[in-house]
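Below are the chains, spelled out letter by letter.
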Amino acid sequence: MQHILDAIQAGDTSAEDFANLELPESYRAVTVHKDEVDMFEGIPSKEKDPRKSLHVEDVALPELGPGEAYVAVMASAINYNTVWTSIFEPVSTFGFLERYGRLSELTKRHDLPYHVVGSDLSGVVLKTGPGVTKWNAGDRVVAHCLSVEMESADGHNDSMLDPEQRIWGFETNFGGLAEIALVKSNQLMPKPEHLTWEEAASPGLVNSTAYRQLVSKNGGDMKQGDNVLIWGASGGLGGFATQYALNGGANPICVVSNEEKAEICRKMGAELIINRSDEKWQFWNEEGTQQNPKEWLRLGKKIRELTGGEDIDIVFEHPGRETFGASVFVTRKGGTITTCASTTGYMHEYDNRYLWMNLKRIVSSHFANYRESWEANRLIAQGKIHPTLSRTYTLDQVGQAALDVHHNKHQGKVGVLALSPSEGLGVLNTELREKHIDKINAFRGV
Ligand SMILES: C/C=C/C(=O)SCCNC(=O)CCNC(=O)[C@H](O)C(C)(C)COP(=O)(O)OP(=O)(O)OC[C@H]1O[C@@H](n2cnc3c(N)ncnc32)[C@H](O)[C@@H]1OP(=O)(O)O
Ligand SMILES: NC(=O)C1=CN([C@@H]2O[C@H](COP(=O)(O)OP(=O)(O)OC[C@H]3O[C@@H](n4cnc5c(N)ncnc54)[C@H](OP(=O)(O)O)[C@@H]3O)[C@@H](O)[C@H]2O)C=CC1
């Protein structure tokens, strides 16, 4: 692998030389094992420890198919989907790989007794498969995580609606937490060159998701002046939702759980911040069966206090069961609750009278289509949206990194170095970097 890293770091390696690099038969990767999916049986979710289930090991380089590319991964990032994979909840990801494997001769490659995880990367294209013309060996790239076959008309207006839509590195194998990744070439996008490898790798999944969920007409369709309630406003998704609200002239009402996170929101430019640890809402009664409307009202009053009497136009939802009833309640007449997840539980309860009588809408959102991903990455490249990287680990420390995210001990995004020997490498556009350096570093050292 050293000769690949040397070629990348030399800075003047030609496309031809990259294309002629000898590829290894195996590479280091972070995996979960099929014969361990029951290892946490009977243990409460929070006690399931990713350090036990995530392995770092050599795996065989898969065959390169048509329309695909090998990427030498310089850096990747932790997403919550890797936490789900590592605790085998809500389902084991091996079921996804088996189902994908049944699709075709080529997809059979994904159905293995190990799963190489990870849904973000920055790096350099090593080789492209038959039919790839837009990308070449040597191109410096990031990859979004949308894997679609596009053989059915269902997805032709919106690639997220493809019946064979999958999240790369979660519902497919050969993901980004590895020295080499296998992607479809249409996942590739230019690396924002004012960023280091680890900064560039960190926004992909959450940035694209927040863009669709809040900005796109497929999601919240946010407009100037909207009051946007953002749960976990300095977290993976929330750190981008807050930036999109501010960029788009909306008013983010940021919910966080401590003062450090509140300070990060202020650094991003937010002014209306609620510390949920101070508020101590009990949205659920002790028995865990009934929601507690008095507590929804208390949240609603707090919001009106902050906004000068106004209610929420759009809720950026992802905690799920814990907060969903409150989110529906505090939304204004005609407003929208956009949801992409259920971290605290997927069986939601809300009072439907508040929804229908006030003509509110619940809009579901999941990742982003090709175009939305491209647009979200373009905003990063232009320096209009910034990475939210707080801390970077090595590949060997991925278990700890995933545990931090699982236990909500992190800020923003957690990066992972793959081939990159240290942090801080890979910047080509120093002028743009200098212009935005404070924003780029806003999540560090908190
Ligand atoms: C970008 C990052 C994103 C994230 O981080 S998201 C958060 C992490 N992700 C998750 O937590 C989601 C994990 N996935 C799941 O929990 C499950 O994945 C789903 C609940 C989403 C789906 O369940 P399943 O069992 O995998 O698939 P089915 O689509 O329900 O299909 C099962 C069988 O049921 C049939 N079926 C589905 N809908 C209908 C219907 N409306 N009427 C009749 N049959 C139906 C299908 O065809 C199939 O059948 P057949 O097994 O024979 O192929
Ligand atoms: N469908 C899709 O396309 C996507 C779905 N997801 C899913 O979204 C969820 C969040 O992902 P991500 O933002 O990256 O994760 P993070 O853990 O980085 O951020 C989530 C934030 O939610 C807040 N939070 C946690 N528990 C609660 C609670 N009980 N009540 C209110 N707020 C809470 C925390 O902020 P604080 O403690 O400050 O309040 C935390 O920072 C995950 O389940 C993930 O799988 C993620 C990306 C894409």
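It should be emphasised that the depicted structure is a prediction, and the values quoted were computed from it without experimental measurement. (Residues numbered from 1 in each chain as written. Chains lettered and ligands numbered in written order. Predicted model: local features only at pLDDT ≥ 70, side-chain atom pairs only at ≥ 80, totals over all residues. Heavy atoms only, no water.)

### Some thoughts on the overall build of the protein
- Of regular secondary structure, the protein possesses 16 helices and 18 strands.
- Each principal axis of the C-alpha atoms in the protein carries an extent, and together these give about 65 × 50 × 40 Å.
- Looking at the protein alone, contacts between residues at least 24 apart form 73% of all its contacts between residues at least 6 apart.
- Accessible area for the protein stands at about 18700 Å²; split by element, carbon and sulfur atoms hold 48% of it.
- Of the charged side chains in the protein, 45 are positive and 60 negative; the average position of the first set lies 7 Å away from that of the second. (Helix = DSSP H or I, 4+ residues; strand = E, 2+ residues; numbered from the N terminus. Contact = heavy atoms within 4.5 Å. Areas by Shrake-Rupley, 256 points an atom, 1.4 Å probe, with all protein chains shown as cover. Lys, Arg positive; Asp, Glu negative; His and termini not counted. Charge placed at Lys NZ, Arg CZ, Asp CG, Glu CD.)

### Thoughts on the UniProt feature "domain: Enoyl reductase (ER)" (unreviewed entry) in the protein
- In this structure's numbering, the residues bearing the UniProt feature "domain: Enoyl reductase (ER)" (unreviewed entry) are residues 49-416.
- Its end C-alpha atoms 18 Å apart, residues 49-416 is made of 30% helix and 23% strand. (UniProt positions renumbered as here; feature names shortened; annotations may be inferred.)

### Looking at the packing of aromatic side chains
- Overall, the coordinates contain 10 aromatic pairs when judged by the stated rule.
- Between Phe-329 and Tyr-354, the ring centres sit 4.9 Å apart and the planes meet at 80°, which makes this aromatic pair edge-to-face. Within this pair, whereas Phe-329 is found in helix α12 (residues 324-330), its partner Tyr-354 is found in helix α13 (residues 352-356), the two being separated by 25 residues in sequence.
- Among the aromatic residues, those joined into a cluster by ring pairs are Trp-231, Trp-281 and Phe-283.
- Across from the ring centre of Trp-284, 4.2 Å away, lies the NZ or CZ of Arg-321, which sits over that ring. (Phe/Tyr/Trp six-rings, centres within 6.5 Å; stacked < 30°, edge-to-face > 60°. Lys NZ or Arg CZ within 6 Å of the ring centre and 35° of its normal.)

### So, helix α15 (residues 398-406)
- A large share of α15 lies buried, amounting to 8 of its 9 residues.
- Within α15 the residues assigned to the buried category are Val-398, Gly-399, Ala-401, Ala-402, Leu-403, Asp-404, Val-405 and His-406.
- Buried positions along α15 lie against β1 (26-33), α3 (50-53), α4 (80-87), β17 (389-394) and β18 (413-417).
- Asn-408 occupies a position one or two residues after α15 and carries a positive phi of about 55°. (Buried < 20%, exposed > 50% of the residue type's maximum accessible area, 1.4 Å probe, protein only.)

### Some points on the site of ligand 1
- Lining the immediate surroundings of ligand 1 are Asn-81, Trp-84, Pro-90, Val-91, Phe-96, Arg-99, Ile-167, Phe-170, Leu-205 and His-366.
- The separation between an oxygen atom of ligand 1 and a polar side-chain atom of Arg-99 is 3.5 Å.
- Isolated, ligand 1 exposes 1100 Å² of accessible area, and the fraction of that covered by the protein chains is 35%.
- Of all the elements in the fold, those that place two or more residues in the shell around ligand 1 are α4 and α5 (94-101). (Near = heavy atom within 4 Å. Polar contact = N/O pair within 3.5 Å; in protein donor to acceptor, adjacent residues only side chain to side chain.)

### Observations regarding the nonpolar core
- In this structure, Leu-121, Val-183, Leu-188, Leu-214, Tyr-244, Cys-265 and Phe-367 are the most contacted members of the largest nonpolar core, which totals 59 residues.
- Here this core gathers at least three residues from each of two domains, domain 1 (2-206 + 369-440) and domain 2 (220-364).
- Dropping the residues within four chain positions of it, Cys-265 is found in contact with Ala-233, Ser-234, Cys-254, Val-256, Ala-270 and Ile-273.
- Counting 27 residues, the second-largest nonpolar core is a separate cluster that includes Leu-21, Ala-29, Ala-72 and Trp-197. (Core = buried A, V, L, I, M, F, W, Y, C linked by side-chain atoms within 4.5 Å. Domains from an automatic or database assignment.)

### Digging into the domain arrangement of the protein
- Under the domain assignment, the protein is made up of domain 1 (2-206 + 369-440) and domain 2 (220-364).
- Between the C-alpha centres of domain 1 and domain 2 the distance comes to 30 Å.
- Each partner contributes to the interface: domain 1 provides 19 residues, whereas domain 2 provides 18 residues.
- It is Val-206, Ile-385 and Gln-411 in domain 1 that bury the most area against domain 2; as a group they hold 37% of the surface buried on that side. (Buried area = accessible area lost by both parts, 1.4 Å probe.)

### Quick notes on the environment of Thr-128
- Within the secondary structure layout, Thr-128 lies in strand β5 (residues 121-128).
- Classification of Thr-128 as partly exposed rests on a relative accessible area of 23%.
- C-alpha of Thr-128 to C-alpha of Ser-147: the two residues are 19 residues apart in sequence and 16 Å apart in space.
- Setting aside residues no more than four positions away along its own chain, Thr-128 makes contact with Leu-64, Glu-68, Ala-69 and Trp-135.

### Focus: the packing of helix α7 (residues 204-215) against helix α8 (residues 236-247)
- The geometry of α7 relative to α8 is characterised by a closest axis approach of 8 Å and an angle of 50° between their N-to-C directions. In terms of orientation, α7 and α8 fall into the oblique class. α8 is crossed by α7, and the crossing has right-handed handedness. Residues Val-206, Asn-207, Thr-209, Ala-210, Tyr-211, Leu-214 and Val-215 of α7 lie in contact with α8, whose contacting residues are Gly-236, Leu-237, Phe-240, Ala-241, Tyr-244 and Ala-245.
- When grouped by side-chain class, the residues that make up the contact of α7 with α8 number 10 nonpolar, 3 polar and no charged. (Axes fitted to C-alpha atoms, helices over the stretch in contact; angles between N-to-C directions. Parallel < 35°, antiparallel > 145°, perpendicular 65-115°, else oblique. Left-handed = near helix turned anticlockwise from the far one by under 90°. Nonpolar A, V, L, I, M, F, W, Y, C, P; charged D, E, K, R; others polar.)

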